[in-house]
Amino acid sequence: MYEIHFKELAEIAHVSAGHLSRLFSKDTGSSFSEYLITFRMNKAIELMTKQDAACVEAANFVGYTDYAQFSKIFKKYTGVSPNYYKT
């Protein structure tokens, strides 16, 4: 899996990381890291509900190799544990 680094995105866009961060926040209403986490959590929910993926499989697919970390972040952002979508 390819890791996404904000600094690399700024280099590709030929702007500073600070400028890209301001533009990103203005356009999306959230920071890049918040946006990425929300995107990953929504994709994990989709995988678990529509494709019947196991929680660990969904976590790995969206970029979390540490399931405990994924579960903690998932609960923080969704209000429920990943297992909620598997019962």
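Placed above this text is the structure.
A brief report on the enclosed structure follows. Here the structure is a predicted model, which is why all the values come from computation and not from measurement.

**What to know about the overall build of the protein chain**
Helix and strand counts for the protein chain stand at 5 helices and 0 strands. Along the protein chain, helices (α) and strands (β) appear in the sequence α-α-α-α-α when read from the amino end. With the principal axes as the frame, the protein chain shows a C-alpha extent of 45 × 25 × 20 Å. The buried share of the protein chain, taken over its 87 residues, is 28%. Sequence separation of 24 or more characterises 43% of the internal contacts of the protein chain that already satisfy a separation of 6 or more. Total accessible area on the protein chain stands at roughly 6200 Å², and carbon and sulfur atoms take up 55% of it. Between the mean site of the 10 positive side-chain charges and the mean site of the 9 negative ones, the protein chain shows a separation of 6 Å.

**A few points about unusual backbone geometry**
Positioned with a positive phi, H14 is a non-glycine residue whose angle comes to about 60 degrees. Relative to the helices and strands, H14 is located in the loop between α1 (6-13) and α2 (17-28). Of the residues examined, H14 reaches a relative accessible area of 73% and is grouped as exposed. Residue D52 is not a glycine yet carries a positive backbone phi of 55 degrees.

**Quick look at the packing of aromatic side chains**
Enumeration according to the criterion identifies 8 aromatic pairs in this entry. Pairing F24 with Y35 gives two aromatic rings, centres 5.3 Å apart and planes at 85 degrees, and the pair type is edge-to-face. With F24 in helix α2 and Y35 in helix α3 (residues 32-50), the pair connects residues that are 11 residues apart, well separated along the chain. When its relative accessible area of 41% is taken as the criterion, Y35 is described as partly exposed.

**Side note on the environment of Q69**
The topology assignment puts Q69 in helix α5 (residues 67-78). Taking the C-alpha atoms as reference, Q69 lies 9.4 Å from A59; in sequence the two are 10 residues apart.

**What to know about the pattern of salt bridges**
This model, assessed by the stated rule, comprises 1 salt bridge. A salt bridge links E46 to K43, with the shortest nitrogen-to-oxygen separation between them at 3.4 Å. Residue E46 and its partner K43 are both found in helix α3; the two are separated by 3 residues, about one turn of the helix. Under the relative-accessibility criterion, E46 is labelled partly exposed at 31%.

**Quick word on the nonpolar core**
Judged by nonpolar contacts, the single largest core of 15 residues is most densely connected at M41, A44, M48, V62, Y64, F70 and F74. Of all the secondary structure elements, the ones that give two or more residues to this core are α3, α4 (55-61) and α5. Among the elements that line this core, the one with the most residues is α3, at 6 residues. With residues near it in sequence (within four places) discarded, M48 still touches A53, A54, C55, A58, F74, P82, Y85 and K86. Counting 6 residues, the second largest nonpolar core, distinct from the first, contains F6, A10, F24 and L36.

Here is what the cut-offs are and how they apply
- All residue numbers here refer to positions counted from 1 along the written sequence of the relevant chain.
- The model is predicted, so local features are restricted to residues of pLDDT at least 70 and side-chain atom pairs to those at 80 or more, both for listing and for counting; the totals for chains, interfaces and linings are taken over all residues.
- Heavy atoms throughout the structure, all of them, feed into the side-chain values; hydrogens and water do not.
- By the criteria applied, helices consist of DSSP H or I runs no shorter than four residues and strands consist of E runs no shorter than two, each listed in order from the N terminus.
- Type-normalised accessible area, obtained with a 1.4 Å probe on protein chains alone, sets the label of each residue: buried when under 20%, exposed when over 50%, and partly exposed for intermediate values.
- Contact criterion: two residues are considered in contact whenever any of their non-hydrogen atoms come within 4.5 Å of each other.
- The method behind every accessible area is Shrake-Rupley, applied with a 1.4 Å probe, and residues are considered shielded solely by the protein chains displayed.
- Counted as positive: Lys and Arg. Counted as negative: Asp and Glu. His and the chain ends are not counted at all.
- Just so you know, the charge point we use is NZ for Lys, CZ for Arg, CG for Asp and CD for Glu.
- What counts as a ring pair is set by centres within 6.5 Å for rings of Phe, Tyr and Trp (its six-membered ring), and what kind of pair is set by the plane angle: stacked under 30 degrees, edge-to-face over 60, tilted for all other angles.
- The term salt bridge refers to a side-chain nitrogen of Lys or Arg lying within 4 Å of a carboxyl oxygen of Asp or Glu.
- What we call a nonpolar core is a set of buried Ala, Val, Leu, Ile, Met, Phe, Trp, Tyr and Cys residues that are connected through their side-chain atoms within 4.5 Å.

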